[in-house]
Protein chains: 2
Amino acid sequence: MSLLVVGSIALDSVETPFGRTEEALGGSALFFAAAGSLLCPVQVVGVVGRDYPMDELQRLARRGLDLRGVSVADGESFRWSGRYGFDLQTRETLETRLGVFANFRPVIPEPFRDAEFVFLGNIDPELQLDVLKQVRSPRLVACDTMNFWIQGKRTALLKLLERVDVLLVNDAEVRELSGDWHVYRAARWVLKHGPRFVVVKRGEHGAMLVEEGRIFYVPAFPLDDVFDPTGAGDSFAGGFMAYLAGTGDLSSDNLRRAMVYGSAMGSFAVERFSTARFDEIAAADVQARVRAHRDLVHFEIDVEPDAVG
Amino acid sequence: MSLLVVGSIALDSVETPFGRTEEALGGSALFFAAAGSLLCPVQVVGVVGRDYPMDELQRLARRGLDLRGVSVADGESFRWSGRYGFDLQTRETLETRLGVFANFRPVIPEPFRDAEFVFLGNIDPELQLDVLKQVRSPRLVACDTMNFWIQGKRTALLKLLERVDVLLVNDAEVRELSGDWHVYRAARWVLKHGPRFVVVKRGEHGAMLVEEGRIFYVPAFPLDDVFDPTGAGDSFAGGFMAYLAGTGDLSSDNLRRAMVYGSAMGSFAVERFSTARFDEIAAADVQARVRAHRDLVHFEIDVEPDAVG
């Protein structure tokens, strides 16, 4: 089934204790699509400046990214640079230059308007709403957001949530959005405002899927070396949505599997700078990591419900 | 099979955003035994002062605690008081009065010396070693420790580790012990120094079981209301060890189940002050929570290893 992502396409300069990269492929839409395209083709809508390395994008196109929705505008591409602390938990933004992304008004190309699965990357909720006016009848809409919009565009964000099936955010964001510091209660607050599912990403501690009456938890895959955490959340979203789009199954059990595929993609993302790890792996590697995830949490119990007094 | 715990027996005064309790039952050995005794009788070795509420201890004795190893010494009982911050993550110790615990020299009563499962609560590693001289041939020895001993009694602690099967610590402790900030590498460092298994407790994020070539992760059970985190780690240890002692199975798969029983006990502990929650529940409640834990992490995948190219 068809999968559409709308979001940022950036050039990232990142410094970690283990090295640095300059002007590498980045942005929510690119991480999402680089990960997701291992499972299912991804239609990308975004904007770059004339300085963007188009040969790099073309390389990704050969891997299943449909870039007909990427417009090239006069001006500089979106650039972000940051530095991670020794534990890779703390991140300092050194510079953000929005460039052409500042005037991004997503236009969904006609061939993408029938997309059945839609992911609205972290942009102004008014633009996210505008994307939903352009797509015809998606089966599943998911979105991300951030503190900047929670604080500055709350009304539009709440209006958006009414039309969204899955909200993917981190724990700080779901707390801020709901006004409840308790993550599970915060997630249930969201369920009362539109989405049927909330995915709460908790970095090195994993991610939770919260729906009415049921919670699923997937720990982060244990890695000996985390190289660069940039893009882990968007890669998670890419794996999650691409698995759903690839299978077409919206049952609660299948969303659980999608969480595990998301987690696997997040764990690959952090093993290299930028989207580089996704160039090295294939679907079989993803499946192997999904099986390893299963061994990470699996246990057998004999106790049957009716055997308990 | 027989299960022995050696550790502190205290009177805790705790303040949380939700209430306060004064001089309630506490200490590592009591939390361990209150939890563990739901699954298997527990032999307790510790010391109290003459001011300890012995009627409360007698009440626990009726629930499966064998208190013949609890000596009553002249002087004041061990008292601890602390206050938790709004998020229940940060804890401030207001007062620690060791009292008779300062001179605690564990003497294992003759009937306890054949204990097959031994848990050495967080005391001076020299005393933990001394306990091991008194027990005859335990099938499994587990121990806890803390930063104070890691810094001040490192040599004795390393000598102890050579004789221990399972080390249970939190993430800060395993990092400090190994000198490696990376938790998985830190745990594997421990595996090279004696224990076959390392349990790393990560508070609200759950716990990991690390053994050679295999990691198991159990998330903390999602609770709507955490009332008082005091004793969660010791209750975890009590559930973990009592499940192993009750089943007598030391396979890797059974240690995984023991982790889930530990996690269930930890989640009960925090629902009330002190050990109060364990007075309200029975083995069936524990099993129900273990099943709920399974639903929290369970997912099905079709991908078979040999189906992957």
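Our subject is the structure listed above.
Residues numbered from 1 in each chain as written. Chains lettered and ligands numbered in written order. Predicted model: local features only at pLDDT ≥ 70, side-chain atom pairs only at ≥ 80, totals over all residues. Heavy atoms only, no water.

1. Some words on the overall build of chain A
Link 1 in the chain: Looking only at helices and strands, chain A features 11 helices and 13 strands.
Link 2 in the chain: Here the C-alpha radius of gyration of chain A, 19 Å, is about what a compact globule of 309 residues would show, namely 19 Å.
Link 3 in the chain: If one aligns the C-alpha atoms of chain A with their principal axes, the spans along those axes are about 70 × 40 × 35 Å.
Link 4 in the chain: For chain A, the proportion of its 309 residues judged to be buried stands at 60%. (Helix = DSSP H or I, 4+ residues; strand = E, 2+ residues; numbered from the N terminus. Rg over C-alpha atoms; globule rule 2.2 N^0.38 Å. Buried < 20%, exposed > 50% of the residue type's maximum accessible area, 1.4 Å probe, protein only.)

2. Re the relation of the copies chain B and chain A
Link 1 in the chain: The two copies are related by a screw motion: chain B maps onto chain A through a turn of 180 degrees and a shift of 0.0 Å along the axis, at an RMSD of 0.0 Å. Taken together, the turn and the small shift mark the pair as related by a two-fold rotation axis.
Link 2 in the chain: Here 100% of the contact residues of chain B are again contact residues in chain A; the copies associate through an equivalent surface. (Least-squares fit on C-alpha atoms with pLDDT ≥ 70 in both. Contact = heavy atoms within 4.5 Å.)

3. Concerning the sheet that holds strand E2 (residues 10–16) of chain A
Residues and elements named next belong to chain A.
Link 1 in the chain: If you walk across this open sheet you meet the 4 strands as E3-E2-E6-E7, and the pairing is mixed. Looking along the sheet, the strands with just one partner apiece sit at the ends: strand E3 (19–26) and strand E7 (91–97). Strand-to-strand twist of the sheet, defined as the mean angle between neighbouring strand axes without regard to direction, takes the value 15 degrees.
Link 2 in the chain: Bridging between E2 and strand E6 (residues 78–84) involves 6 bridges; their strand directions are parallel. Bridged to Leu11 within E6 is Arg79. (Pairing = 2+ DSSP bridges. Axes fitted to C-alpha atoms, helices over the stretch in contact; angles between N-to-C directions.)

4. Quick look at the environment of B:Leu120
Residue and element names in this part refer to chain B.
Link 1 in the chain: Relative to the helices and strands, Leu120 is located in strand E8 (residues 117–120).
Link 2 in the chain: Taking relative accessible area as the criterion, Leu120 reaches 1% and is therefore assigned buried.
Link 3 in the chain: Between the alpha carbons of Leu120 and Phe101 there is a distance of 15 Å; along the sequence they are 19 residues apart.
Link 4 in the chain: Non-local contacts of Leu120, meaning those with residues more than four positions away in its chain, are made with Val6, Gln128, Val131, Leu132, Val141, Ala142, Cys143, Asp144 and Leu160.

5. Some thoughts on the side chain of A:Asn254
Residue and element names in this part refer to chain A.
Link 1 in the chain: Positionally, Asn254 belongs in helix H9 (residues 252–269).
Link 2 in the chain: Exposure remark for Asn254: the relative accessible area of 2% places this residue in the buried category.
Link 3 in the chain: Only 2.8 Å separates the side chain of Asn254 from the side chain of Thr247, close enough to count as a polar contact.
Link 4 in the chain: Within the local environment of Asn254, its side chain forms a polar contact with the side chain of Arg257, the two groups lying 3.0 Å apart.
Link 5 in the chain: Ignoring sequence-local partners within four residues, the contact set of Asn254 consists of Tyr243, Leu244, Thr247 and Asp249. (Polar contact = N/O pair within 3.5 Å; in protein donor to acceptor, adjacent residues only side chain to side chain.)

6. A few points about the state of the cysteines
Residues and elements named next belong to chain A.
Link 1 in the chain: Taken as a whole, this structure holds 0 disulfides over all chains when the rule is applied.
Link 2 in the chain: Here Cys143 is not cross-linked by a disulfide; its sulfur's nearest cysteine counterpart is in Cys40, at 19 Å.
Link 3 in the chain: When its relative accessible area of 0% is taken as the criterion, Cys143 is described as buried. (Disulfide = S-S within 2.5 Å.)

7. Some points on the environment of B:Gly49
Link 1 in the chain: With respect to the helices, strands and loops of the structure, B:Gly49 is situated in strand E4 (residues 42–49).
Link 2 in the chain: Note on B:Gly49: relative accessible area 1%, which makes it buried.

8. Some thoughts on the side chain of A:Ser178
Residues and elements named next belong to chain A.
Link 1 in the chain: Following the sequence through the fold, Ser178 ends up in helix H6 (residues 171–178).
Link 2 in the chain: Residue classification places Ser178 among the buried residues on the basis of a relative accessible area of 13%.
Link 3 in the chain: A polar contact is formed between the side chain of Ser178 and the backbone oxygen of Val174, at a distance of 2.9 Å.
Link 4 in the chain: Within polar-contact distance, the side chain of Ser178 engages the backbone nitrogen of Asp180 at 3.0 Å.

9. Re the sheet that holds strand E6 (residues 78–84) of chain B
Residue and element names in this part refer to chain B.
Link 1 in the chain: Reading across the sheet, the 4 strands line up as E3-E2-E6-E7 and stay open at both edges, with mixed pairing between neighbours. Looking along the sheet, the strands with just one partner apiece sit at the ends: strand E3 (19–26) and strand E7 (91–97). If you compare each strand with its neighbour and ignore which way they point, the axes differ by 15 degrees on average.
Link 2 in the chain: Summarising the sheet, E6 and E7 pair through 6 bridges and their orientation is antiparallel. The residue bridging Tyr84 from the neighbouring strand is Arg91, located in E7.

10. Let's talk about the interface of chain B and chain A
Interface size is commonly expressed as the accessible area that is lost once the parts come together.
Link 1 in the chain: Each partner contributes to the interface: chain B provides 43 residues, whereas chain A provides 43 residues.
Link 2 in the chain: The junction of chain B with chain A conceals about 4,100 Å² of combined surface from both sides, 58% of it contributed by carbon and sulfur atoms.
Link 3 in the chain: Looking only at chain B, the three residues that lose the most surface to chain A are B:Trp181, B:Arg291 and B:Phe299, adding up to 16% of its buried area.
Link 4 in the chain: Listing elements by their share of the side of chain B that touches chain A, those giving two or more residues are helix H7 (183–191), strand E13 (214–218), helix H9 (252–269) and helix H11 (283–297) of chain B.
Link 5 in the chain: Top element by residues in the side of chain B that touches chain A is H11(B). It accounts for 9 residues.
Link 6 in the chain: Across the side of chain B that touches chain A, the residue classes tally to 22 nonpolar, 6 polar and 15 charged. (Buried area = accessible area lost by both parts, 1.4 Å probe. Nonpolar A, V, L, I, M, F, W, Y, C, P; charged D, E, K, R; others polar.)

11. Quick look at the nonpolar core
Link 1 in the chain: Membership of the largest hydrophobic core comes to 204 residues, with the highest contact counts inside it found for A:Val44, A:Phe240, B:Val44 and B:Phe240.
Link 2 in the chain: With residues up to four places along the chain from it excluded, the contact list for B:Phe240 reads B:Val166, B:Leu168, B:Val199, B:Leu255, B:Ala258, B:Met259 and B:Gly262. (Core = buried A, V, L, I, M, F, W, Y, C linked by side-chain atoms within 4.5 Å.)

12. Quick notes on H9(A)
Link 1 in the chain: Here H9(A) is 18 residues long and its end C-alpha atoms lie 26 Å apart, about the 26 Å a rise of 1.5 Å per residue gives.
Link 2 in the chain: The buried fraction of H9(A) amounts to 17 of the 18 residues, a majority that puts the element mostly inside the structure. (Expected span 1.5 Å × (residues − 1).)

13. Observations concerning helix H8 (residues 232–247) of chain B
All names here are of chain B.
Link 1 in the chain: The first and last C-alpha atoms of H8 sit 23 Å apart over 16 residues, in line with the 22 Å expected at 1.5 Å per residue.
Link 2 in the chain: Across the 16 residues of H8, 12 count as buried, placing the element largely inside the fold.
Link 3 in the chain: Within H8, burial applies to Asp234, Ser235, Phe236, Ala237, Gly238, Gly239, Phe240, Met241, Ala242, Tyr243, Leu244 and Ala245.
Link 4 in the chain: Gly248 sits one or two residues past H8 and shows a positive phi near 70 degrees.

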